[in-house]
Amino acid sequence: LDDLYEFSITTSQWYSVPGRGEVPPSRYRHSAVVYGCCMFVFGGVDKRQARFSDLCEFNFDTRSWAVLKTFGDPPTARTFHRAVIYGGAMYILGGFDGQRRNDMYKIPLPEQLSREERQRMRKTGPSNGSADGQAEPDAADDIGGGAVVPASSGAGEEAQRARLRLQVS
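Residues numbered from 1 in each chain as written. Predicted model: local features only at pLDDT ≥ 70, side-chain atom pairs only at ≥ 80, totals over all residues. Heavy atoms only, no water.

(A) Seen up close, the overall build of the chain. Across its full length, the chain holds two helices and eleven strands. Beginning at the N terminus, the succession of helices and strands in the chain can be written as β-β-β-β-β-β-β-β-β-α-β-α-β. In the chain, buried positions account for 34% of the 169 residues. Excluding contacts between residues fewer than 6 apart, the proportion of contacts in the chain whose partners are at least 24 apart in sequence is 50%. Of the roughly 10,300 Å² of accessible surface on the chain, 50% is carried by carbon and sulfur atoms. (Helix = DSSP H or I, 4+ residues; strand = E, 2+ residues; numbered from the N terminus. Buried < 20%, exposed > 50% of the residue type's maximum accessible area, 1.4 Å probe, protein only. Contact = heavy atoms within 4.5 Å. Areas by Shrake-Rupley, 256 points an atom, 1.4 Å probe, with all protein chains shown as cover.)

(B) Up close: a nonpolar patch on the surface. On the surface, Tyr5, Phe7, Ile9 and Trp14 cluster together to form a nonpolar patch covering roughly 520 Å² of accessible area. One can find Tyr5 in strand β1 (residues 5-8). (Patch = residues over 30% accessible without salt bridge, like charges linked within 9 Å, V, L, I, M, F, W, Y side chains within 5 Å. Salt bridge = Lys/Arg side-chain N within 4 Å of Asp/Glu carboxyl O.)

(C) Highlighting the environment of Tyr5. The class for Tyr5 is partly exposed, based on a relative accessible area of 46%. What Tyr5 contacts, discounting residues up to four positions off in sequence, is Trp14, Tyr15, Ser16 and Val17.

(D) Layout of the packing of aromatic side chains. The final tally for this structure, using the stated rule, is three aromatic pairs. Taking 4.9 Å as the distance between ring centres and 55° as the angle between the ring planes, the aromatic pair formed by Phe7 and Trp14 counts as tilted. Since its relative accessible area comes to 58%, Trp14 is described here as exposed. Ring centres 5.5 Å apart and planes at 80° place the aromatic pair Phe58 and Phe60 in the edge-to-face group. Put simply, the rings of Phe58, Phe60 and Trp65 pair up and form one aromatic cluster. (Phe/Tyr/Trp six-rings, centres within 6.5 Å; stacked < 30°, edge-to-face > 60°.)

What follows is the structure in C-alpha cells.
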C-alpha cells in the first residue's frame with residue numbers, strides 16, 4: 001500500500017524507492033500520471049476504506065514527495081476514477097465516492113523539466129518546441145476557478161496561483 005518501486009531497464013531489476021518529503025498516506029485504487037519529471041497521485045482508499053481527495057506529487061529528480069493544495073471546487077474523495085495527462089493538464093474522470101460519479105476535473109500542471117532536459121537546454125539554448133516558431137499557449141490561460149499549489153511552496157506561491165487553475169467540467 002505504501003511502497004514505491006523503480007524498474008531498471010538496464011539491469012532488469014526492481015528497486016525500492018525510500019519515501020522522502022511529505023510522503024502521502026498508504027493507499028490503493030488511486031490514479032497516477034506522469035508529467036515532466038513528476039508523478040501526480042490523486043485519491044484512492046486506505047485499508048480502513050477511508051477515501052482520499054488529496055493530490056500528491058513525486059519528483060523523480062529529487063526523489064521526494066510533496067502534497068499539493070487545491071483551491072476552488074476540488075473533486076470529492078474517490079476511488080475507481082481515471083486520470084490522464086493531455087495538453088499540460090491532468091484530467092480526473094468519474095469514480096466512486098459513495099455514489100457513482102460521471103464528472104470531470106481539469107488541473108493544469110506546472111511545466112517541470114527533467115534534469116536531462118535542463119542540461120540539454122543549457123547546452124543548446126531554449127527553444128519553444130514549435131515548428132512554426134510560434135510559442136505554444138499556456139494551458140491555464142483561459143480557465144478560471146481555484147488554484148493548485150505545493151503545500152510548502154512559500155515565496156513563489158502567488159506566481160503559481162496565477163498559473164494553476166482547477167476547473168470543473
